[in-house]
Protein chains: 2
Amino acid sequence: MSEAPHPFDTAIALQAEGGAFHGSTSPAYANMIGPYGGITAAQALAAILQHPDRLGEPIAFTINFAAALADGAFEIRPRAARTNRSTQHWTLEIVQGDGVVATATAVTATRRETWSGHEAEMPEVPRPLDVPRTPRRGVEWLNRYDMRFLAGFIPRDWKGQETDDSLTRLWVRDDPPRPLDFASLTAAADVFFPRVWLRRATFTPIGTVSMSVYFHATSEQLQATGDGWLLVQAKGQGFGGGYFDHSGQLWNEAGELLATTHQVVYFKE
Amino acid sequence: MSEAPHPFDTAIALQAEGGAFHGSTSPAYANMIGPYGGITAAQALAAILQHPDRLGEPIAFTINFAAALADGAFEIRPRAARTNRSTQHWTLEIVQGDGVVATATAVTATRRETWSGHEAEMPEVPRPLDVPRTPRRGVEWLNRYDMRFLAGFIPRDWKGQETDDSLTRLWVRDDPPRPLDFASLTAAADVFFPRVWLRRATFTPIGTVSMSVYFHATSEQLQATGDGWLLVQAKGQGFGGGYFDHSGQLWNEAGELLATTHQVVYFKE
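Residues numbered from 1 in each chain as written. Chains lettered and ligands numbered in written order. Predicted model: local features only at pLDDT ≥ 70, side-chain atom pairs only at ≥ 80, totals over all residues. Heavy atoms only, no water.

Taking an unreviewed UniProt entry as the reference, chain A is identified by name as Thioesterase family protein belonging to Ramlibacter agri.

So this is what it looks like as structure tokens:
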């Protein structure tokens, strides 16, 4: 019996060629214009993780979206700018034709056992299976996730009723389920609809310009998380002059902090 | 009457040469090993701001510290990876000899008037002049700032009394005072002593590996802030496996959110 590959694995599949990696946008993760930013971020990180020179596991990853990707092929060009004894610094560009469509940096490192004590604690929430699946429609990538909102759902009525709190909190996992890894954790860090929509209940075109993920989990913890649920939340900070930012956290169902994330997003008006 | 230049202006002075910028570490901002990370970040951003091709004002800036800078000269190599109609994407390396000591990315953009409504509100605190200056000693860069702690001061007794909250909040300004600009705001985003020291009251060697600053202020707002005080705060999120991260905010005395910031920091044990 053979199984079809998971759409996420198909999306992040890359072809190595002389230090570069060839990939393609995935119709399964299509967004309004171009692909879901989370899948582009996952593809970029996947290139670093597949690089033969890579040392250790991801600690920090930042991707800047320079242009909407056109549907079709792209090339990822990662470079180890500096390799130390236990840390490595990466720079990366995603290129289509003659144009850079994204830049990224990453720090990878071999981790050691140290004191630990996470401060960002998972809030008390109902278990994921006790929460109904939240219907989402519109763009294709939404169908790749099972989302169960606990707070801060997309406005029902787009009547411009402003709120002062943009916290969104939800359970999320790949649909169909898939064992968690660093690439899919990175993709999940971008599942939040734009905070400015929640604050304003007004639709405005948006686009993430920069997203960072800080990894607090080891690959062993991700393996232990398996295809389980993630509790994820994000809350806006500053909004004005065409940009807003948010700060967020991702836990597994056992309450372990797997990653923190922040991003800054363009909005039109 | 001539005045000596401010030590910050001396520190960020760069010599342009064929697309690169030559600078030097500043003894006035020396840290335990190498320079204060905030001054290196400010120098990197200054190179982008001085670049003749630069479009607009900083929106997002991320710097990854790849190695301790040696005292002396360095070269900053910024590159506009993509220039759109109203946004520009920068990549940057700081090089000493043959080695990359830092990488960075930035997004600059021309801002437009839009809806605005900051969500990260300044907490209610006493005015800066009603708070005594907090004595700091040790490394030289501490003398370049007037700091007035309101919460989360460095442990008095390093006796390993753990706490569960690493929030630090203080008023800060350059000493001597200096009109705020994007470079000095970036430097101020790194003034926080390591959150892991506060949590553990135990000294461990540390080093920031990645810092991001999201700018919410325009140059007009920075000009209006002048040489006034900044209220800055940071709080840790995840700690373990040799790394922790924090999330922070910077306001001016009028309560305007000027920037948000994040960083991930190596700690030894």
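Now that the structure is up, let's keep going.
(A) Fine view of the overall build of chain A. Summing up its helical and strand segments, chain A has 5 helices and 12 strands in all. Relative to its length of 269 residues, chain A is compact, with a C-alpha radius of gyration of 18 Å against a globular reference of 18 Å. Each principal axis of the C-alpha distribution contributes one length, and for chain A these read about 55 × 45 × 45 Å. Buried positions account for 62% of the 269 residues belonging to chain A. For chain A, the share of sequence-separated contacts (at least 6 apart) that also reach a separation of at least 24 residues comes to 69%. Accessible area of chain A: about 10800 Å², with a carbon and sulfur share of 49%. The distance from the centre of the 23 positive side-chain charges to the centre of the 30 negative ones in chain A is 4 Å. (Helix = DSSP H or I, 4+ residues; strand = E, 2+ residues; numbered from the N terminus. Rg over C-alpha atoms; globule rule 2.2 N^0.38 Å. Buried < 20%, exposed > 50% of the residue type's maximum accessible area, 1.4 Å probe, protein only. Contact = heavy atoms within 4.5 Å. Areas by Shrake-Rupley, 256 points an atom, 1.4 Å probe, with all protein chains shown as cover. Lys, Arg positive; Asp, Glu negative; His and termini not counted. Charge placed at Lys NZ, Arg CZ, Asp CG, Glu CD.)

(B) Region of interest: the relation of the copies chain A and chain B. In the superposition of chain A on chain B (RMSD 0.0 Å, axial shift 0.0 Å), the rotation amounts to 180°. In the structure described here, the two chain copies are related by an operation that fits a two-fold rotation axis. When the interface residues of chain A are mapped onto chain B, 100% of them again lie at the interface, so the same face is used by both copies. (Least-squares fit on C-alpha atoms with pLDDT ≥ 70 in both.)

(C) Structural context of the UniProt feature "domain: Acyl-CoA thioesterase-like N-terminal HotDog" (unreviewed entry) in chain A. In the numbering used here, UniProt assigns the feature "domain: Acyl-CoA thioesterase-like N-terminal HotDog" (unreviewed entry) to residues 28-108 of chain A. Annotated as 17% helix and 49% strand, the span residues 28-108 of chain A places its first and last C-alpha atoms 29 Å apart. (UniProt positions renumbered as here; feature names shortened; annotations may be inferred.)

(D) Molecular detail of helix α2 (residues 37-50) of chain A. Residues and elements named next belong to chain A. Across its 14 residues, α2 extends 20 Å between first and last C-alpha, which sits within 8% of the 20 Å expected from 1.5 Å per residue. Burial of α2 is extensive: 12 of the 14 residues sit out of reach of the surface. The complete set of buried residues in α2 reads Gly37, Gly38, Ile39, Thr40, Ala41, Ala42, Gln43, Ala44, Leu45, Ala46, Ala47 and Ile48. (Expected span 1.5 Å × (residues − 1).)

(E) Representation of the packing of aromatic side chains. Across all of its chains, the model carries 28 aromatic pairs over all chains by this definition. Taking 3.9 Å as the distance between ring centres and 10° as the angle between the ring planes, the aromatic pair formed by Tyr36 of chain B and Trp141 of chain B counts as stacked. In this pair, Tyr36 of chain B is assigned in the loop between β2 (20-24) and α2 (37-50) and Trp141 of chain B in the loop between β6 (99-109) and β7 (145-151), connecting sequence segments 105 residues apart. One exposure class covers both Tyr36 of chain B and Trp141 of chain B, and it is buried. Above the face of the Phe193 of chain A ring, Arg195 of chain A is positioned so that its terminal group lies 4.8 Å from the ring centre. In this structure, Arg199 of chain A packs its charged tip against the face of Phe239 of chain A, placed 4.7 Å from the ring centre. (Phe/Tyr/Trp six-rings, centres within 6.5 Å; stacked < 30°, edge-to-face > 60°. Lys NZ or Arg CZ within 6 Å of the ring centre and 35° of its normal.)

(F) Molecular detail of the UniProt feature "domain: Acyl-CoA thioesterase-like C-terminal" (unreviewed entry) in chain A. In the UniProt entry, the feature "domain: Acyl-CoA thioesterase-like C-terminal" (unreviewed entry) is given for residues 132-266 of chain A. With 15% helix and 41% strand, residues 132-266 of chain A has end C-alpha atoms that lie 32 Å from one another.

(G) Local environment of the interface of chain A and chain B. Taken together, the 66 residues of chain A in the interface contact 66 residues of chain B. For the pair chain A and chain B, the number of links is 6 salt bridges. Taking the shortest distance from any N to any O, the salt bridge between Arg79 of chain B and Glu93 of chain A comes out at 2.1 Å. At the junction of chain A and chain B, the tally comes to 49 residue pairs in polar contact (both at pLDDT 80 or more). By residue number, the principal contributor to the side of chain A that touches chain B is strand β6 (residues 99-109) of chain A, which donates 8 residues. In terms of residue class, the side of chain A that touches chain B is made up of 23 nonpolar, 28 polar and 15 charged. (Salt bridge = Lys/Arg side-chain N within 4 Å of Asp/Glu carboxyl O. Polar contact = N/O pair within 3.5 Å; in protein donor to acceptor, adjacent residues only side chain to side chain. Nonpolar A, V, L, I, M, F, W, Y, C, P; charged D, E, K, R; others polar.)

(H) View of the pattern of salt bridges. Counted under the stated rule, the structure contains 24 salt bridges over all chains. Here Glu75 of chain A ties to Arg77 of chain A by a salt bridge, and the two come within 3.0 Å at their closest N and O atoms. One salt-bridge network, in which partners are shared between bridges, spans Glu119 of chain A together with Asp165, Arg199 and Lys235 of chain B.

(I) Layout of the sheet that holds strand β4 (residues 73-83) of chain A. All names here are of chain A. Overall, antiparallel pairing links the 12 strands, which are arranged β1-β2-β4-β5-β6-β3-β9-β12-β11-β10-β8-β7 in an open sheet. Every interior strand has two partners, whereas the edge strands, β1 (15-17) and β7 (145-151), have only one. Strand-to-strand twist in this sheet, taken as the mean axis angle between neighbours without regard to direction, amounts to 25°. Bridging between β7 and strand β8 (residues 168-174) involves 6 bridges; their strand directions are antiparallel. Its bridge partner being in β8, Asp146 is matched across the sheet by Arg173. (Pairing = 2+ DSSP bridges. Axes fitted to C-alpha atoms, helices over the stretch in contact; angles between N-to-C directions.)

(J) Fine view of the sheet that holds strand β1 (residues 15-17) of chain B. Residues and elements named next belong to chain B. As summarised here, the arrangement of the 12 strands in space is β1-β2-β4-β5-β6-β3-β9-β12-β11-β10-β8-β7, forming an open sheet in which the pairing is antiparallel. Of all the strands in the sheet, just β1 and β7 have a single pairing partner and so form its edges. Pairs of neighbouring strands in the sheet enclose a mean axial angle of 25°, with direction left out of account. The pairing of strand β4 (residues 73-83) with strand β5 (residues 87-96) spans 8 bridges and is classified as antiparallel. When the sheet's bridge partners are listed, Ile76 is paired in β5 with Ile94. Sitting on the sheet, α2 is in contact with β2, β3 (57-65), β4, β5, β6 and β9 (206-215), with an inclination near 135° to β3.

(K) Focus on the pairing of strand β12 (residues 257-267) of chain B. Residue and element names in this part refer to chain B. Burial analysis of β12 places 10 of its 11 residues in the buried class, the great majority of the element. By the bridge criterion, 9 bridges tie β9 to β12 in an arrangement that is antiparallel. Residue Tyr214 lies in a different strand from β12, and its bridge partner there is Thr260. Both strand β11 (residues 243-252) and β12 contribute to a ladder of 9 bridges, which runs antiparallel. Of the residues in β12, the one forming a bridge with Asp245 is Val264. In textbook terms, the turn of a hairpin is the stretch between consecutive antiparallel strands, and for β11 and β12 this stretch comprises 4 residues, one of which, Gly255, has a positive phi near 90°.

(L) View of the environment of Ala187 of chain B. Residue and element names in this part refer to chain B. Topologically, Ala187 is positioned in helix α3 (residues 182-188). For Ala187, a relative accessible area of 0% gives the class buried. Between the alpha carbons of Ala187 and Leu45 there is a distance of 9.8 Å; along the sequence they are 142 residues apart. Look past the residues within four positions of Ala187 in its chain and what remains in contact with it is Phe8, Tyr36, Gly38, Ala42 and Tyr145.

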